[in-house]
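Structural description and commentary
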Amino acid sequence: MPALTTSSDGFLLHEKPLRIISGAMHYFRIHPDQWADRLRKARLMGLNTVETYVPWNLHQPEPGTLVLDGLLDLPRYLRLAQAEGLHVLLRPGPYICAEWDGGGLPSWLTADPDIRLRTSDPRFTDALDGYLDLLLPPLLPYLAASGGPVIAVQVENEYGAYGDDTAYLEHLARSLRSRGVEELLFTCDQANPGHLAAGSLPGILTTGTFGGKVAHSLEQLRAHQPEGPLMCAEFWIGWFDHWGEPHHVRDAADAAADLDRLLTAGASVNIYMFHGGTNFAFTNGANHDHAYAPIVTSYDYDAPLTECGDPGPKYHAFREVIARHAPVPEEPAPAPGAKLPPTTVELARRAPLLPHASALAKPVRTDDPVTMDELDQRAGYVLYRTTVPVKADGLLHFAGGVGDRAQVFVDGAPVGVLERERHEETLPVRIPRAGATLEVLVENMGGVNYGPRIGAPKGLLGPVTFNGTALRGWDCHALPLGDLDPVPFAPVDATTDAGPAFHHGTFQVDTPADTFLSLPGWTKGQAWVNGFHLGRYWNRGPQRTLYVPAPVLRPGGNDLVLLELHATTATSALLVATPDLGPEKS
């Protein structure tokens, strides 16, 4: 029997009434050495529960594998939550959205163009079942039935916004049950009749997602489900950012007033997000409605707990609201964490990317350029190289466009950029000699996380022609950049070229503390500190700093590496005490 059950209008935990006051906090967006701190701050705000998604694509990077260590040590996260006295809502998907690369679906699965994702297509359900066979056994000890903190498990995620394959939802619910999940199951969908009808199952609790119009949303939920707890499984109190947009914020008083309305109505709640964290490395997703729109590196979300774990205005406002409806610890609210003193990092060593690509990846020779999927590459870059047989001015045409951003070089000189979001497929170029080298560096800016375009291919998406003649014979270098040890850094000198390059510098730290990497004078690229991949920077904004978690640093000497994709005259970077997420849009 599950520990958490439902009554006509609420929850019972071990047969005692429970109001779930939860906050979303994704372990995979937080440095593991900071999990305990963030969980303590959740309890101090008055939360009795935390919620997390589980990203299939990271836990199972290849079929038949399971990764449960480091950033993905979910059992450790669950142990820490229980030690803090918190319950856990577990949302294993398989689809999570979350503004996460591919919505959490693994690229080895979505690369199959014929598979019908998130349906009862056996190719999808067989892969899902194989994943659950590996994922669930190590998690069963952490379910409430075994004395663990997990009191409820979600079936799919906002499925009513995607499809109506009830057989698929039933299969998923059976798959969880047959593998030992006894806990309460629930679905969640946007609070409108169509989504709730398509995404729910008889006998399984239906919850809603919304950020405002509380009374109306709860009415919609109650109309769909006449009895049982009312719960907002995602109470949106902020929002995410795309590159090129303002930073989204929501007024703390406005969000707190809606939280008060929810709790006054007797509903349970999961605040999305309590603590957003960071899309480290290449994990950010993208949306694609009218145009492709990638998500920034920060997932601050204007949440009560900021990206670096400091209480923000919503933290204090929400704590006051929660105290009107439930016990809040008598301990004082946490103070902001320590920050590193401002530091200048000189980047005195350099290695150009294009000449040294073969040191990072052995090229694959193909007649026409192939996609990242065909190179078995989930994320990062691909460098494509061929020669142009004629000297001429003309048009390069990229059939099908690029996924997602391509920099084009002729004999090492930059000649233009093509972007998926602008639907660009042609570029005028001058070829100075017969046999000139054409190089195309393509960046995967993040897999679409919502809607029908999940799994859209990356890289060059078709043949390339010059003045109508196909260019054949390509060397394709897959550059996931998981290992930078082969990069041949050398001191910067006046003869270095202006193409994409790695830059390296060192800096001293007395006592590690949180800091933010600021890159004035730099354009676009990636950043690593002591081998930890902080993520993507881009002067397009809004985000202007990258969060550097304190556990990434060490006393003494530390290393900073940038991959800068464009020419720069900058020779240093800054570590600053205050984040800059850009101009705000409320």
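For the structure itself, consult the block above.
The following refers to the structure shown. As the structure is a computational prediction, the values presented were derived from the model and not from experiment.

When its secondary structure is counted, the chain shows 11 helices and 37 strands. Against the compact-globule benchmark of 25 Å for 586 residues, the chain has a radius of gyration of 25 Å, which places it among compact chains. In terms of overall dimensions, the chain has a C-alpha envelope of 80 × 55 × 40 Å along the principal axes. Among the 586 residues that make up the chain, the fraction classed as buried is 60%. Once local pairs closer than 6 in sequence are excluded, the contacts in the chain between residues at least 24 apart make up 79%. As displayed, the chain has an accessible area near 21500 Å², and 53% of this comes from carbon and sulfur atoms. Each charge class in the chain was averaged separately, 45 positive and 68 negative side chains, and the resulting centres sit 2 Å apart.

Pairing in this open sheet of three strands is antiparallel, and the strands run E1-E2-E3 from one edge to the other. Across the chains shown, the open sheet's two edge strands, defined by having one partner strand only, are strand E1 (4-6) and strand E3 (16-18). Neighbour-to-neighbour, the strand axes of this sheet turn through a mean angle of 45°, independent of strand direction. Examined bridge by bridge, strand E2 (residues 11-13) and E3 share three bridges and lie antiparallel to one another. Across the sheet, Leu 12 pairs through a bridge with Pro 17, a residue of E3.

What follows is about the packing of aromatic side chains. Taken as a whole and assessed by the stated rule, the structure comprises 23 aromatic pairs. Look at Trp 56 and Trp 108: their rings are 6.1 Å apart centre to centre, the planes differ by 85°, and that puts the pair in the edge-to-face class. With Trp 56 in helix H2 (residues 56-59) and Trp 108 in helix H4 (residues 107-110), the pair connects residues that are 52 residues apart, well separated along the chain. Owing to a relative accessible area of 24%, Trp 108 belongs among the partly exposed residues under this scheme. Aromatic rings pair up to connect Tyr 53, Trp 236, Trp 239, Phe 240, Tyr 272, Tyr 299 and Tyr 301 into one cluster. Between Arg 29 and the ring centre of Tyr 299, over which it is positioned, the NZ or CZ distance is 3.7 Å.

Conventions adopted
Residues numbered from 1 in each chain as written. Predicted model: local features only at pLDDT ≥ 70, side-chain atom pairs only at ≥ 80, totals over all residues. Heavy atoms only, no water. Helix = DSSP H or I, 4+ residues; strand = E, 2+ residues; numbered from the N terminus. Rg over C-alpha atoms; globule rule 2.2 N^0.38 Å. Buried < 20%, exposed > 50% of the residue type's maximum accessible area, 1.4 Å probe, protein only. Contact = heavy atoms within 4.5 Å. Areas by Shrake-Rupley, 256 points an atom, 1.4 Å probe, with all protein chains shown as cover. Lys, Arg positive; Asp, Glu negative; His and termini not counted. Charge placed at Lys NZ, Arg CZ, Asp CG, Glu CD. Pairing = 2+ DSSP bridges. Axes fitted to C-alpha atoms, helices over the stretch in contact; angles between N-to-C directions. Phe/Tyr/Trp six-rings, centres within 6.5 Å; stacked < 30°, edge-to-face > 60°. Lys NZ or Arg CZ within 6 Å of the ring centre and 35° of its normal.

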